[in-house]
Amino acid sequence: MPLETLAFLSTLEQRVGLTDENKATLKSQADWGLQIAPEMADHFYAYLGRDAEMSAILHDENGRIHRLRETFIQWFHEMFTGMDDWGQAYADRRWKIGLVHVRIGIGPQHVVPAMATVIHEVEKRLQVDGQNQALKEALSRICMIDLAFIEQAYVEVSSDAVLRETGWTQGLFRRLIATGARSM
């Protein structure tokens, strides 16, 4: 069963407490977000590039790093604009980004610390640029939502692949996972 992206986004907004005020704060600072996006992309990919496995993925012969960097800048700015006021287009785009991470092999073990690096660097820029606490809170919340989309893509793709290959039901698969988790 495909993920209902807008419902997932709505659930995440409630879980992290992303409010209309947070969204207004982000929108009001969209120009600042676009201004610092290239710098944040540099931090993100510098962090990932220090890992040999990630460096090989990022620096393939097809110029992937350049395309990914441009996508990062767009993604970063979209957190501020919400694209369609954090609606269906935003949710679908976040889902697509998650699927791309799965397809090219940038796993959660890489994305989570890289995102932490970006959050840390954004916090430094917030201080240097005299931005307020409200923007920091709003960015922290939207970053966690976007990160959850990437992680959920791994869960959904993996689950779907196992179910298709084995013919198992979702219920059986979940029971097997729960049993396996209890045995570890």
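Source: prediction; values computed, not measured.

We now examine the overall build of the chain. Regarding its fold elements, the chain presents 9 helices and 0 strands. In terms of overall dimensions, the chain is globule-like: its C-alpha atoms have a radius of gyration of 18 Å, near the 16 Å expected for 184 residues. Overall size of the chain, expressed as C-alpha extent along the three principal axes, is 55 × 40 × 30 Å. Taking all 184 residues of the chain together, the buried fraction comes to 41%. Look at the contacts in the chain between residues 6 or more apart in sequence, and 79% of them connect residues 24 or more apart. As displayed, the chain offers around 10,000 Å² of accessible surface, 55% of which is attributable to carbon and sulfur atoms. Across the chain, the mean location of the 19 positive side-chain charges is 4 Å away from that of the 25 negative side-chain charges.

In terms of nonpolar packing, the biggest core is built from 51 residues, with Phe 72, Phe 76, Val 122, Leu 139 and Ile 142 touching the most fellow members. Counting only elements with at least two residues in this core, the list comes to α1 (5-16), α3 (30-49), α4 (52-58), α5 (64-81), α6 (88-104), α7 (108-128) and α8 (133-166). Excluding anything up to four places from it in sequence, Val 122 contacts Trp 32, Ile 36, Met 40, Phe 76 and Leu 139.

Our focus in this paragraph is empty space enclosed by the protein. Under the defined criterion, the tally for this structure stands at 1 cavity of 30 Å³ or more. Counted as a void, the largest cavity has a volume near 70 Å³. Lining the largest cavity, in full, are Phe 76, Val 118, Ile 119, Val 122, Glu 123, Leu 126, Lys 136, Leu 139, Ser 140 and Cys 143. Where the lining of the largest cavity is concerned, the elements lending two or more residues are α7 and α8. Residues that form the lining of the largest cavity fall into these classes: 7 nonpolar, 1 polar and 2 charged.

The next subject is the packing of aromatic side chains. Counted under the stated rule, the structure contains 11 aromatic pairs. Note on Phe 44 and Tyr 45: the rings are 4.9 Å apart at their centroids and 90 degrees apart in plane angle, and the pair reads as edge-to-face. Pair check on accessibility: Phe 44 and Tyr 45 agree, each one buried. With a centroid separation of 6.0 Å and 70 degrees between ring planes, the pair formed by Tyr 45 and Phe 72 is classed as edge-to-face. Taken together, the residues span a long stretch of sequence, with Tyr 45 in helix α3 and Phe 72 in helix α5 at a distance of 27 residues. Both residues of the pair, Tyr 45 and Phe 72, belong to the buried class. Taken together, the ring pairs in this structure connect Trp 32, Phe 44, Tyr 45, Phe 72, Trp 75, Phe 76 and Phe 80 into an aromatic cluster.

Once that is clear, we can look at the side chain of Glu 13. By secondary structure assignment, the location of Glu 13 is in helix α1. Those residues in contact with Glu 13, other than ones at most four positions away along the chain, are Leu 18, Lys 23, Trp 86 and Ile 145.

Once that is clear, we can look at α8. Helix length check: α8, at 34 residues, gives a terminal C-alpha distance of 50 Å against a target of 50 Å (1.5 Å per residue), a fit within 8%. Sitting at the head of α8, Asn 132 places a side-chain oxygen 3.1 Å from the backbone nitrogen of Ala 134. Backbone geometry just after α8 places Gly 167 at a positive phi near 80 degrees.

Rules behind the numbers
- Residues numbered from 1 in each chain as written.
- Predicted model: local features only at pLDDT ≥ 70, side-chain atom pairs only at ≥ 80, totals over all residues.
- Heavy atoms only, no water.
- Helix = DSSP H or I, 4+ residues; strand = E, 2+ residues; numbered from the N terminus.
- Rg over C-alpha atoms; globule rule 2.2 N^0.38 Å.
- Buried < 20%, exposed > 50% of the residue type's maximum accessible area, 1.4 Å probe, protein only.
- Contact = heavy atoms within 4.5 Å.
- Areas by Shrake-Rupley, 256 points an atom, 1.4 Å probe, with all protein chains shown as cover.
- Lys, Arg positive; Asp, Glu negative; His and termini not counted.
- Charge placed at Lys NZ, Arg CZ, Asp CG, Glu CD.
- Core = buried A, V, L, I, M, F, W, Y, C linked by side-chain atoms within 4.5 Å.
- 1 Å grid on protein atoms, 1.4 Å probe; cavity = no way out; pocket = protein on both sides within 12 Å on 5 of 7 lines; lining within 4 Å.
- Points joined across faces, edges and corners; volume = space filled by probe spheres on them.
- Nonpolar A, V, L, I, M, F, W, Y, C, P; charged D, E, K, R; others polar.
- Phe/Tyr/Trp six-rings, centres within 6.5 Å; stacked < 30°, edge-to-face > 60°.
- Expected span 1.5 Å × (residues − 1).
- Polar contact = N/O pair within 3.5 Å; in protein donor to acceptor, adjacent residues only side chain to side chain.

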